[in-house]
Amino acid sequence: MSSLTYDLTLAGLSVGSAAALTGIGLIVTYRSTGVLNFAHGAIAMVCAYALRQCVVEWGWPLWLGATVTLLVLAPGLGVVLERFVFRPLSVLGSDPAQTLVASIGVFVLLVGGAALLWGQGARDDAPELVPDEPWGQLAVVLVLAAGVAAVVRWTRFGRELRAVVDDRRLAVLGGIDADRVAAAGWAFGSFTAGLTGVLLAPYVRLDPYGLPLLVMEVVAVAVAARMRSLPVAVVVALGIGVAQSQLTRLHPSGWGEPLLQAATTNLFVVALLVAALVLPGVGARDALPRTATARVPTPPGVWIVAGVLFLLPLGLAGRDLHTSVQVPALAVILLSLVVVTGRGGQISLGQAAYAGLGALFMALLAAGRFPGLPALPELAALAVAVVLVAPLGLLTGWPAIGRRGLALALATFAIGVGVSRFVFAQPYATAGLSLGRPAGFDGDRAYYVLELVLLAVALLATHALRRGRTGRALAAMRDHEAGAQAAGVRVPSLKLGAFVAGAALAALGGGMLGMGLRAFDAAAYDPVRGLLWFAAVVVLGADSTLGALAAAALLVGLDAGTRGGVAAALIGVLAILVGRFPGGPYEALRTVADRLRPRRTPALTPTGVRARGLLRPAEPREPRRAPVPVGATATGATAGGAPGTGGRPPASPVPRTPPTPSAPLLTARRLHARYGGFTALDGVDLDLSPGRITAVVGPNGAGKSTLFHCLAGTLRPARGTVRLGGRDITALPAHARTRLGIARTFQQLAVFPSLTVAENVRVGAEQGRVTDRGAVERTLRLLGLDGPVRALPAAGLPTGTLRRVELARVLAGGPRVLLLDEPAAGLDTAEVAALARVLKALAADGTALLVVEHDLDLVAGLADVVHVMNAGRIVASGPPGRVLDALGTGAGR
Ligand SMILES: Nc1ncnc2c1ncn2[C@@H]1O[C@H](COP(=O)(O)OP(=O)(O)OP(=O)(O)O)[C@@H](O)[C@H]1O
């Protein structure tokens with residue numbers, strides 16, 4: 001082996017060991033607590049600073065500083081985080097994504113705290129703990145990995161850890177102290193973070209922003225190991241480390257040279273992109289915490305105050321005015337997060353990349369350096385930059401189609417880091433770039449006025465996206481993605497649209513920020529800022545435009561008026577607390593204010609209901625009546641009146657002539673479905689005819705839900721066909737089937753909690769085939785939802801009411817086929833009887849109904865034909881009396 005190869009291998013092993021340490025720490029924390037610790041790099045940075053403080057500033061011996069840092073501070077930090085941040089969240093049973101926001105909050109807090117304590121400048125005098133050769137580090141990594149593996153495999157603690165990882169609740173019921181397991185996981189994870197920090201600090205820039213990011217870039221190692229296998233993490237880390245080191249020998253030439261060089265020196269970032277975008281996502285089922293996105297109506301007076309506050313800087317001068325110029329620009333960037341995250345419910349940690357690309361493209365366009373375009377005046381350059389960056393929103397929009405929660409967070413973070421490393425940090429893209437302001441707006445005051453105009457445009461655009469049909473569809477997607485799809489919302493295109501609009505807004509804000517600074521400054525669009533901006537918007541009310549304006553003013557104002565880092569620290573604390581206050585900061589304030597006030601009966605307004613956190617007063621205040629007035633108001637078949645006459649609402653919002661009952665409308669032939677190697681459906685045939693109610697019954701695990709999913713389009717059968725009126729729809733996704741007239745309800749209620757009852761129903765009407773404006777009103781009347789309850793947010797309404805809301809939403813789309821998955825679940829006897837009346841009336845009106853139901857009495861009284869399923873097959877069919885009697889249930893009689 002040549003000595004160069006050997007030396008490079010050693011250097012690579014050194015880097016790889018540090019990456020392996022990070023991987024081990026991330027995996028252990030994730031396995032023991034279910035949290036992907038975004039703060040891992042920040043803990044590493046704090047420990048590196050702490051060791052430097054002990055040894056360099058206070059003159060302690062290295063061994064003492066290292067002992068205190070690694071054996072006291074680092075694990076202590078982990079235990080404190082577990083006890084005071086993550087344990088309360090798990091006790092509250094919060095959404096896993098809430099822990100993601102909290103861990104980003106810890107990241108931001110530690111970065112801000114470090115900037116406050118030690119300043120923002122880089123240090124190059126971090127003490128060296130192990131000599132600059134890899135063997136020591138490698139030995140540490142291998143011993144740690146082997147030790148962890150041995151503990152997990154052979155000790156009682158290891159067994160407990162595995163039990164907690166498999167099923168925390170079951171483990172607790174079995175007498176395992178899950179908190180102790182989690183605390184140990186956090187302590188060990190933080191120890192490895194600290195070790196990584198002190199090992200890396202002497203060889204890289206030690207600063208509050210750089211080191212945490214560097215450590216988090218290697219998260220790919222843990223993802224590649226599926227957050228599970230320590231040996232895989234170690235091998236991948238060492239492999240990438242050595243490969244990156246060896247690649248430095250390459251000296252490519254030609255046009256691709258700078259990019260290739262960037263790739264070879266940033267192989268961990270390349271791995272991060274591959275791991276986050278190509279490998280199957282980790283934690284892909286988590287969604288954004290809904291509590292953080294609840295909508296709170298803004299009193300108009302608040303907008304006037306905000307307007308006045310935004311005009312105030314016009315009275316400032318000098319440095320203060322110059323600083324204020326950043327506020328409207330940042331506000332526009334944060335508005336992009338309101339659209340993507342607040343309204344659309346999509347986590348985006350990469351908005352800083354779009355903001356930076358906006359500024360960069362604008363600078364290139366204005367300088368005439370953009371390929372194929374002449375030099376443009378600044379405002380035109382800004383407009384073109386926005387248009388060019390908007391489609392790049394697909395970079396994060398595309399992964400969002402198949403990813404949620406943690407997986408989406410990682411994908412968008414990876415793209416933010418990738419753009420930062422491969423574009424912003426590369427001299428070929430940014431060298432010698434300056435940014436001017438438009439003619440006539442050179443002075444800070446004039447420029448601020450221009451920014452206010454652009455901010456107003458951005459606010460109008462955001463407002464338009466959050467209102468009306470698009471806004472309702474976005475909120476529906478955020479609240480319940482499967483429900484939105486079932487209501488006919490084109491979820492994939494809506495996600496792409498949200499990310500494209502978000503990228504355009506971020507680019508506009510980024511360009512404004514660049515003009516304000518009169519330069520393209522890559523540090524202003526650092527991925528760490530992306531995390532800070534995300535946390536700021538989430539804690540100040542993700543779905544609130546006013547929250548975005550406040551966040552921008554807070555971030556700029558605090559950093560300008562105090563030592564850098566205060567704003568980040570404050571946002572970090574708020575992000576950590578956000579999960580404890582369901583409903584967000586305004587709810588928290590209202591709750592506190594409410595506790596201080598003497599108790600009174602709340603007014604029946606959405607605000608009153610929400611302010612008290614009492615989301616159940618609707619039921620007593622609704623007039624006591626049969627929930628569904630359908631028995632008296634159905635179609636001619638049940639009530640003798642023609643639809644829509646005599647003041648009686650029609651049973652279905654779309655009047656139509658019932659087709660011949662005999663011709664099946666929806667047919668399934670030889671359906672086979674598998675989960676892995678398990679056959680859940682084994683050649684099922686089914687016909688649903690107009691005007692008939694078909695029921696499917698059977699024991700648990702018989703395959704009823706699987707059949708239902710194949711018909712609704714949420715599961716693609718392995719074999720067989722589904723046809724609607726002769727058209728093969730087997731390959732059509734759920735929303736497309738809805739638009740053809742197949743509607744479904746869910747076993748677990750699918751309503752959109754942040755929308756009002758009427759808005760829920762409107763979503764169903766406007767996404768489907770129906771354009772009939774009266775459909776919403778008729779359906780609300782039909783299901784007894786046209787009283788005061790129509791204006792209440794769905795969140796917290798009683799189950800019986802919500803079942804009616806869901807059914808109303810489905811009916812408002814005018815379905816021809818209605819698939820109901822356990823529609824009686826959670827209803828009392830009176831509500832079940834009322835539901836039966838509605839369903840019979842719908843059938844009488846010509847709808848084809850399928851009911852999957854455990855309540856055999858309901859089936860007996862409702863169905864025209866019953867199919868019994870067992871082990872993936874239909875084993876008996878016929879009229880309910882005969883089939884249910886044959887089953888010996890007695891329900892048929
Ligand atoms: N996502 C999945 N992955 C693996 N197996 C699954 C999955 N979903 C269902 N199964 C299995 O397929 C079989 C059929 O399940 P299915 O939910 O369709 O039954 P079911 O009749 O609806 O039962 P239940 O009445 O309990 O809902 C069961 O053995 C179930 O364990």
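Residues numbered from 1 in each chain as written. Predicted model: local features only at pLDDT ≥ 70, side-chain atom pairs only at ≥ 80, totals over all residues.

Looking up the protein in an unreviewed UniProt entry gives the name Branched-chain amino acid ABC transporter permease/ATP-binding protein, with the organism given as Streptomyces olindensis. In its Subcellular location (unreviewed entry) section, the UniProt entry covering the protein states "Cell membrane". (UniProt positions renumbered as here; feature names shortened; annotations may be inferred.)

On to the overall build of the protein, then. When helices and strands are tallied, the protein shows 41 helices and 10 strands. In the protein, which comprises 893 residues, the proportion classed as buried is 56%. (Helix = DSSP H or I, 4+ residues; strand = E, 2+ residues; numbered from the N terminus. Buried ≥ 20, exposed ≤ 12 C-beta atoms within 10 Å, placed from the backbone.)

For the rest of this paragraph, the subject is the pairing of strand β4 (residues 719–724). Pairing analysis gives 5 bridges linking strand β1 (residues 666–675) to β4, with the strands arranged antiparallel. Bridge pairing links Leu666 to Leu724 in β4. Pairing geometry for β4 and strand β5 (residues 727–728), over 2 bridges, is antiparallel. Bridge pairing links Arg723 to Asp728 in β5. Counting the residues in the hairpin turn of β4 and β5 gives 2 residues, including Gly725, whose phi is positive at 55°. (Pairing = 2+ DSSP bridges.)

Within helix α36 (residues 757–767), 10 of the 11 residues are buried, which leaves the element mostly enclosed by the surrounding structure. All buried positions along α36 are accounted for by Val757, Glu759, Asn760, Val761, Arg762, Val763, Gly764, Ala765, Glu766 and Gln767. In the core, the buried residues of α36 are packed alongside α23 (468–479), α37 (774–782) and α38 (799–812). (Contact = placed C-beta atoms within 7 Å.)

Let us now look at helix α1 (residues 3–33). Over its 31 residues, α1 runs 45 Å from end to end, which matches the ideal 45 Å to within 8%, given 1.5 Å per residue. Judged by how many residues are buried, α1 sits mostly within the fold: 23 of 31 residues are covered. (Expected span 1.5 Å × (residues − 1).)

By a widely used convention, the size of an interface equals the accessible area lost when the partners come together. Assigned domains of the protein: these are domain 1 (3–252), domain 2 (328–526) and domain 3 (631–887). Between domain 1 and domain 3, the C-alpha centre-to-centre distance is 51 Å. (Domains from an automatic or database assignment.)

Okay, the confidence of the model for the protein next. Averaged over all residues, the pLDDT of the protein is 82; the fraction at 70 or higher stands at 86%. Ranking the elements of the protein by mean pLDDT puts helix α30 (residues 606–611) last, at 29, and helix α18 (residues 378–389) first, at 96. Throughout residues 284–294 the model reports pLDDT below 50, and contacts reaching past four residues in sequence, or to other chains, amount to 47 contacts. Across residues 598–661, confidence stays below pLDDT 50; counting only partners more than four residues off in sequence or on other chains, it has 121 contacts. Among the scores for the predicted complex, ipTM is 0.97 and pTM is 0.82. (pLDDT = per-residue confidence, 0-100.)

If you look at the biggest cluster of nonpolar residues, it comprises 295 residues, and the most contacted ones within it are Val221, Leu334, Val389, Ala535, Val537 and Ala575. Among the elements that line this core, the one with the most residues is helix α25 (residues 491–517), at 15 residues. (Core = buried A, V, L, I, M, F, W, Y, C linked by C-beta atoms within 7 Å.)

What follows covers the site of the ligand. For the ligand, the full set of nearby residues is Tyr675, Phe678, Ala680, Gly698, Asn700, Gly701, Ala702, Gly703, Lys704, Ser705 and Thr706. Of all the secondary structure elements, the ones that give two or more residues to the shell around the ligand are β2 (678–688) and α34 (704–712). No other element matches the 3 residues that α34 contributes to the shell around the ligand. Looking at side-chain class alone, the shell around the ligand contains 4 nonpolar, 6 polar and 1 charged residues. (Near = placed C-beta within 6 Å. Nonpolar A, V, L, I, M, F, W, Y, C, P; charged D, E, K, R; others polar.)

Ordered in space as β6-β7-β8-β3-β9-β10, the 6 strands form an open sheet in which the pairing is mixed. The sheet is open, and its two borders are formed by β6 (742–744) and β10 (873–878), each paired with just one other strand. Here the average twist between neighbouring strands, direction ignored, is 20°. Two elements, strand β3 (residues 693–697) and strand β9 (residues 865–870), share 4 bridges in a ladder whose sense is parallel. The partner of Val696 across the bridge, within β9, is His867. Where α34 meets the sheet, its contacts fall on β3, β6, β7 (817–821), β8 (848–852) and β9, and the angle it forms with β7 comes to roughly 150°. (Axes fitted to C-alpha atoms, helices over the stretch in contact; angles between N-to-C directions.)

What follows concerns the environment of Thr323. Locating Thr323 in the fold gives a position in helix α15 (residues 318–324). Residue Thr323 is classed as partly exposed on the basis of its C-beta count, with 18 C-beta atoms lying within 10 Å. Sequence-wise, Thr323 and Val556 are 233 residues apart; in three dimensions their C-alpha atoms are separated by 7.5 Å. Those residues in contact with Thr323 that sit more than four places away from it in its chain are Val556 and Ala560.

A word on the pairing of β1. Sheet faces and side chains relate simply in a regular strand, where the side chains alternate between the two faces. Where β1 lies against β2, 8 bridges are found, and the strand directions are antiparallel. Considered in β2, the bridge of Ala673 is made with Leu681.

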